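These are the residues of each chain, in order.
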Amino acid sequence: MAHTLIFDLDGTLIDSASSILHCMEECVKEAGLKLTRPLETDLIGPPLQESLACITGLSDSQTLAQLSEAFVVRYDSLGLSRTKPYPEIGEVLQRLHAYGFTLHLATNKRMAPTRKLIQLFGWDSWFSSIYTLDMVQPRHPNKTVMLHCQLRDLKIPLSQAIYIGDTPADGFAASANGLYFIAADWGYGNFENWDSITSWSRASQPADLLEALLHLDITR
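This section reports on the structure supplied with the text. (Residues numbered from 1 in each chain as written. Predicted model: local features only at pLDDT ≥ 70, side-chain atom pairs only at ≥ 80, totals over all residues. Heavy atoms only, no water.)

1. Focus on the sheet that holds strand β6 (residues 161–165)
As a general point, the strands of a sheet are linked pairwise by backbone hydrogen bonds and lie either parallel or antiparallel. Let me state the cut-off plainly: Pairing between two strands is assigned when DSSP locates at least 2 bridges connecting them. Comment: elements are numbered from the N terminus, with helices defined as DSSP H or I runs of at least four residues and strands as E runs of at least two. As a rule, the C-alpha atoms of each element are fitted with a line to give its axis, helices using only the stretch in contact, and angles between N-to-C directions run from 0 to 180 degrees. Any two residues whose heavy atoms approach within 4.5 Å are treated as being in contact.
The strand order across the open sheet formed by 6 strands is β5-β4-β1-β6-β7-β8, and the pairing between neighbours is parallel. This sheet does not close on itself; its edge strands, each paired only once, are β5 (127–132) and β8 (200–203). Looking at each pair of strands side by side, their axes are set apart by 25 degrees on average, direction ignored. Of the pairings in the sheet, the one linking β6 to strand β7 (residues 180–184) comprises 4 bridges and is parallel in character. Bridged to Tyr163 within β7 is Phe181. Packing of helix α5 (residues 111–120) onto the sheet brings it into contact with β4 (102–107) and β5, and relative to β5 it is tilted by some 150 degrees.

2. Some details on the nonpolar core
General note: in soluble globular proteins, nonpolar side chains tend to be found buried as a group. Defined as follows: To qualify as a nonpolar core, a set must consist of buried Ala, Val, Leu, Ile, Met, Phe, Trp, Tyr and Cys residues joined through side-chain atoms within 4.5 Å. The cut-offs for exposure are 20% and 50% of the maximum accessible area for each residue type, with area from a 1.4 Å probe on protein chains only; residues under the lower value are buried, those over the upper are exposed, and the others partly exposed.
Core analysis: the biggest nonpolar cluster contains 51 residues, and Leu5, Phe7, Leu13, Trp123 and Phe127 have the highest contact counts within it. The element contributing the most residues to this core is helix α1 (residues 17–30), with 7 residues. The residues contacting Phe127, other than those within four sequence positions of it, are Phe7, Leu13, Leu93, Leu103, His104, Leu105 and Ile118. Listed in part, the 18 residues of the second largest apolar core include Leu133, Met146, Leu151 and Ala161.

Put into structure tokens, the structure is as follows:
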């Protein structure tokens, strides 16, 4: 049985899509820019400037930095209050912690809102570590590198750890680090074409995730 569980946040533990997309739309409009593509859930998860470049078609780093700052102000003041945990996720985390699993977070979300949300939902005592791209300067370039640093820093045995996320990108980051991966099918990703990867499995709802984690043996 795995003893260490590393969770993604957006789309895995919390449903933040509507608040994030609304804040993106508002800061783009306030800058006098136009959206070049629909606001959809595949924008949730990648680093912020990458998503802003995608919806505006811009590549100018200065303008994207200004948009990012505007988003941060709006999201941290209004967006967080509209973010909700997925149904049953709180109970799942509580039971996993009570069963003796060590829980960690590894998310592309910034550290400041991540900590605020974890405290808001009363989850802060359940997580032994929180890793984000912006926890160091210069920032971690991507989730694969961030996970590598988390595993290395905390000396987490790969044979006893699982990463849980909601997008194929999460799965690839896990695989690149030798981790077993469980896809949260209730999130924002699409896993229809990835069933052939033997080190991945899927959970359709939080209750299924709990059952799988209690019985899955990944020791290699």
